[in-house]
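Remarks on the overall topology
Letter by letter, the chains look like this.
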Amino acid sequence: MRIIGTNVPRKEAPAKLRGQALYTDDLTLPNLLHGITVRSTIPRGTIDSITFPPEIPWHEYTIVTAADIPGRNMVPMFLEDQPLLAEHKINHPEEPILLLAHPDRHALHRAAAAVRITYTELPPLFTLEDSLAQRQIIWGQDNIFKSFLLETGNLEEAFAHADHIVEAEYHTGAQEQLYIETNGMIAEATPTQVTVTGSIQCPFYVHRALKIAFNLPDEQVRVIQAETGGAFGGKEDYPSILAGHAALLSLKSGGRPVKIIYDRAEDMAATTKRHPSRTRHRTAVTRDGLLLAADIEFIIDGGAYATLSATVCSRGTIHAAGPYQWPALRVTSKAVATNTPPSGAFRGFGAPQALFALERHMDLIARTVGLTPEELRRRNFLRPGGTTATGQLIGPDVDLDALLTRALEASDYHPKTARFARENPQSPIKRGIGFATFMHGAGFTGSGERYLNSLVGLEGTAEGRIRVLVSSSEFGQGTNTILAQVAAESLNAHYDLVDVAQPDTAIVPNSGPTVASRTAMIVGGLIQKAAESLLETLRLTAFLPANHTPQDLHAAVAAYVAQLGELKAYQRYEAPENIFWDDAHYKGEAYGTYAWAVYVAEVAVDTLTYTPTVTRFDALQEVGRVLHPILAAGQIEGGVAQGIGYALYEKVVTRNGRMINNQMTNYIMPTAADLPPIHVHFAEHPYQHGAYGAKGIGELPMDGPAPAILNAIENALSSLKPAHPFNTIPLLPEDIFEALTLLPS
């Protein structure tokens, strides 16, 4: 390998370093208007009237309501339940009702505050418990967006023969993506053409939404991704709403361009977050610590509309069983509706919630049967020849025992466990160490990749350069760099002479969304195959010798284009023969492959302030092949940082369904000063269907930190016998104070 596995310069770095990268709010157009959203002030009810008090010169403003939508008033995802603008019904307290545009951005807030909307209020539901109890029916027939059942083996017989039955309940809170750049969009719209440019994770999602809202064919809608400052899943579905709003204002304004940029408070309050969850475990186990059966109930709070809840619930369902062999298993799962802003995608989407519960529960089982957490896991690991909960065969390259041994050695786990046990009784600072073992499915679940039918392209230019044509978006994670590496390696081209086209639906094919840890593995693999096709074209036309140099390649590309014209090669996704998912029975190969990991957290808990601190973190993962070592390590470090926030800091506080700590002064996330040294370790077992053996990497590191940290905190405080277990995150100092000082109610 010349380029794969090396730390080539990042493609987007020079423009960002020089200040030349233009984000949405850097862009301007002649006669630009600015837009704002007028939102509901109630969580549930109906709109009675909208009035415009005379103190505002309304003739200066463009005003858009649902009546101005030329097509269908809906935001497409899996279900068509969410309106672009509310017409009559209000289902959450940030529901968009009205849009305003004006040349002066500063005039908008006064005008928006002046709009008078009267309502008839209806009783709301704010928690998943209330939704399940069906105190009100707020969605469908039963408040359930989606449910799944994963079942194998004879559960009743297994529980009948159990020496121990271990039960517990676990909760995870919402989490804000908190990308650096807030949501923003610029639109130009006429009755026959809509063009939007903005901070976008999935351009073709936005393209589809605009086609529906404006009743236009493919070629009359164009979506361009501007430079995007972070996403983490938070810009997967929501930009479809913002693009529709900006385009509606532009249409009503006679085609003038309209820009909408959310401030931080609006972005945090109104957009999607990680789904809160409740997981109940009931486990049958022998006195020797062999797992016999699990009965798991996994519930997530989807908010007011379905959005991506089905996907999140599905992934959580499959990951709920973890990397263990279960002779019998039942996972029942539901995504339910509440009158809060819709939940959405966030790095890991479903797996962090389910795996938090499982890995905390595994430590509880170990204590119950008198084994160490390590020994319990070793006795029950999935091994080659075994099958996952969905019946997927485990291949020969999976060695969780070796991964666990290496992670524990790297973190000095056993000596520290012994030392902390000796020192803690005399110290006000209690130290502990804990770990989590887990896996993450790479790519879309089940038949998702077949459904996407992704297409990628490579293009040769007149200058002899290579251009990668994909809709995969760069938003800080390194997509452009990785895909350029794959193209350069596959073509034996100079890396510096490979460009990645900015995603623009008029130029690039639909290669699927930039989600689910699929970009390097799936899209990169397609680029590899497209490169073979392009090389074959050049050789069949005698422009390129068999054993070419990079110089030969670029000269051949320039000569071909000069003499014959356009040089392009495309490749469409074809599922591997051994990958088949049965949607009806929820069985089969849930993912093309899994990445496997062991994370070890070391913590200190101050018993004066009750503050927990992560003092060291070791992250070992098997991710196929590492394409770019620095970028790969950065993905792990960033995911661990977000996982630490999820575990110990980031609490979304709501009142009447609305987030009330929607500022960076009171939504607390860890800074660099709060993070420990993070030691990243890789194991490589190349995956035959991924680009040069790559698996997904971006979401895996979100799964392991929270359970590892709480396992470590429990280890640190074991001698103090807390009043109740730490089974809810985020775990704040006041929660530890309560557990250590208050008697159980």
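A brief structural summary. These figures come from a predicted structure and were not determined experimentally.

Next up on the list: the overall build of the protein chain. When you go through the protein chain residue by residue, the secondary structure sums to 20 helices and 28 strands. Relative to its length of 745 residues, the protein chain is compact, with a C-alpha radius of gyration of 26 Å against a globular reference of 27 Å. Principal-axis analysis of the C-alpha atoms gives the protein chain an extent of 75 × 70 × 50 Å. For the protein chain, with 745 residues in total, the buried portion stands at 62%. Carbon and sulfur atoms make up 53% of the accessible area of the protein chain, which amounts to about 27,700 Å² in all. Each charge class in the protein chain was averaged separately, 60 positive and 79 negative side chains, and the resulting centres sit 2 Å apart.

Attention shifts here to the sheet that holds strand E24 (residues 611-622). Spatial strand order, E16-E23-E24-E27: 4 strands in an open sheet with mixed pairing. Each of the sheet's edge strands pairs with one partner strand only, and the pair in question is strand E16 (429-442) and strand E27 (678-683). Direction aside, neighbouring strands of the sheet carry axes that sit 20° apart on average. Pairing geometry for E16 and strand E23 (residues 593-606), over 14 bridges, is antiparallel. Across the sheet, Gly432 pairs through a bridge with Val603, a residue of E23. Lying over the sheet, helix H17 (residues 629-648) contacts E23, E24 and E27, oriented at roughly 125° with respect to E27.

One open sheet holds the 3 strands; their spatial order is E4-E2-E6, and the pairing between them is antiparallel. Each edge of the sheet is formed by a strand with only one pairing partner; in this case those strands are strand E4 (89-90) and strand E6 (116-121). Alignment of strand E2 (residues 45-51) against E6, held across 6 bridges, turns out to be antiparallel. Considered in E6, the bridge of Ser49 is made with Thr118.

Another point: helix H5 (residues 203-214). Over its 12 residues, H5 extends 16 Å from the first C-alpha to the last, a length consistent with the 16 Å expected when each residue adds 1.5 Å. Where burial is concerned, most of H5 is hidden: 10 out of the 12 residues are buried. Those residues of H5 not exposed but buried are Pro203, Phe204, Tyr205, Val206, His207, Ala209, Leu210, Ile212, Ala213 and Phe214. Where the residues of H5 are buried, they touch strand E10 (193-198), strand E11 (221-225) and helix H6 (238-252). Asn215, located one to two residues past H5, shows a positive phi value of around 55°.

Attention shifts here to the pairing of strand E13 (residues 277-285). Judged by how many residues are buried, E13 sits mostly within the fold: 7 of 9 residues are covered. Inspection of the sheet shows strand E8 (residues 164-172) paired to E13 by 9 bridges, in the antiparallel sense. What sits directly across from Ala168, in E13, is His281. Pairing of E13 with strand E14 (residues 291-301) involves 9 bridges; the strand directions are antiparallel. Bridge pairing in E14 links Arg278 to Ile299. What sits between the antiparallel neighbours E13 and E14 is a turn of 5 residues, in which Gly289 has the positive phi angle 85°.

Interaxial distance between helix H9 (residues 351-369) and helix H10 (residues 373-380) falls to 8 Å at its minimum, and their mutual angle equals 105°. As far as their axial angle goes, H10 and H9 are roughly perpendicular. Only Pro373, Leu376 and Arg377 of H10 make contact with H9, whose side of the interface consists of Glu359, Met362, Asp363, Ile365 and Ala366.

Ranked by internal contacts, the top residues of the largest apolar core, which has 112 residues, are Leu329, Trp596, Tyr599, Phe617, Ile709 and Ile713. Membership of the second largest hydrophobic core comes to 46 residues, among which are Val456, Ala487, Leu526 and Tyr560.

Relative to the elements of secondary structure, Ile318 occurs in helix H8 (residues 309-319). Relative accessible area serves as the criterion here: at 3%, Ile318 is assigned to the buried category. Taking the C-alpha atoms as reference points, Ile318 and His440, separated by 122 residues in sequence, lie 9.7 Å from one another.

Note that an α-helix has 3.6 residues per turn; residues three or four places apart therefore point the same way. Over its 22 residues, helix H15 (residues 519-540) runs 30 Å from end to end, which matches the ideal 32 Å to within 8%, given 1.5 Å per residue. Note on H15: the residue one or two positions beyond its end, Ala542, has a positive phi of about 65°.

With that settled, the discussion passes to the packing of aromatic side chains. Applying the stated rule across the entire model yields 14 aromatic pairs. For the ring pair Phe52 and Trp58, a centre distance of 5.0 Å and an interplane angle of 70° mean the geometry is edge-to-face. Assessed through its relative accessible area of 31%, Phe52 is described here as partly exposed. For Trp58, a relative accessible area of 12% translates into the label buried. Between Trp581 and Tyr586, the aromatic rings sit 5.1 Å apart at their centres with planes inclined by 75°, giving edge-to-face as the arrangement.

Let's shift gears to the environment of Gly385. Looking at where Gly385 falls in the secondary structure, it is placed in the loop between H10 and helix H11 (400-410). For Gly385, a relative accessible area of 54% puts it in the exposed group. Separated by 11 residues in the primary sequence, Gly385 and Pro396 place their C-alpha atoms 7.4 Å from one another.

Of all 14 residues in E23, 13 are buried; the element is thus mostly enclosed. Pairing analysis gives 11 bridges linking E23 to E24, with the strands arranged antiparallel. Within the sheet, the bridge partner assigned to Val603 lies in E24 and is Val614. Between the end of E23 and the start of E24, which pair antiparallel, lie 4 residues, with Tyr610 showing a positive phi angle near 65°.

On the secondary structure map, Glu684 appears in the loop between E27 and helix H18 (700-703). Leave out the neighbours within four places in its chain, and Glu684 touches Glu622, Gly624, Arg625 and Val626. For Glu684, the side chain forms a polar contact with the main-chain nitrogen of Val626, separated by 2.7 Å.

As a packed pair, H9 and helix H19 (residues 705-716) sit with axes 8 Å apart at the nearest point and diverge in direction by 30°. Classified by the angle their axes make, H9 and H19 are roughly parallel. Read as a crossing pair, H9 and H19 show a hand that is right-handed. Facing H9, whose interface residues are Leu355, Phe356, Glu359, Arg360, Asp363 and Arg367, H19 presents Ala706, Pro707, Leu710, Asn711 and Glu714. For the contact of H9 with H19, the per-class residue count stands at 5 nonpolar, 1 polar and 5 charged.

Criteria and thresholds
- Residues numbered from 1 in each chain as written.
- Predicted model: local features only at pLDDT ≥ 70, side-chain atom pairs only at ≥ 80, totals over all residues.
- Heavy atoms only, no water.
- Helix = DSSP H or I, 4+ residues; strand = E, 2+ residues; numbered from the N terminus.
- Rg over C-alpha atoms; globule rule 2.2 N^0.38 Å.
- Buried < 20%, exposed > 50% of the residue type's maximum accessible area, 1.4 Å probe, protein only.
- Areas by Shrake-Rupley, 256 points an atom, 1.4 Å probe, with all protein chains shown as cover.
- Lys, Arg positive; Asp, Glu negative; His and termini not counted.
- Charge placed at Lys NZ, Arg CZ, Asp CG, Glu CD.
- Pairing = 2+ DSSP bridges.
- Axes fitted to C-alpha atoms, helices over the stretch in contact; angles between N-to-C directions.
- Contact = heavy atoms within 4.5 Å.
- Expected span 1.5 Å × (residues − 1).
- Parallel < 35°, antiparallel > 145°, perpendicular 65-115°, else oblique.
- Core = buried A, V, L, I, M, F, W, Y, C linked by side-chain atoms within 4.5 Å.
- Phe/Tyr/Trp six-rings, centres within 6.5 Å; stacked < 30°, edge-to-face > 60°.
- Polar contact = N/O pair within 3.5 Å; in protein donor to acceptor, adjacent residues only side chain to side chain.
- Left-handed = near helix turned anticlockwise from the far one by under 90°.
- Nonpolar A, V, L, I, M, F, W, Y, C, P; charged D, E, K, R; others polar.

Functional significance is not addressed by these values, which are geometric in nature.
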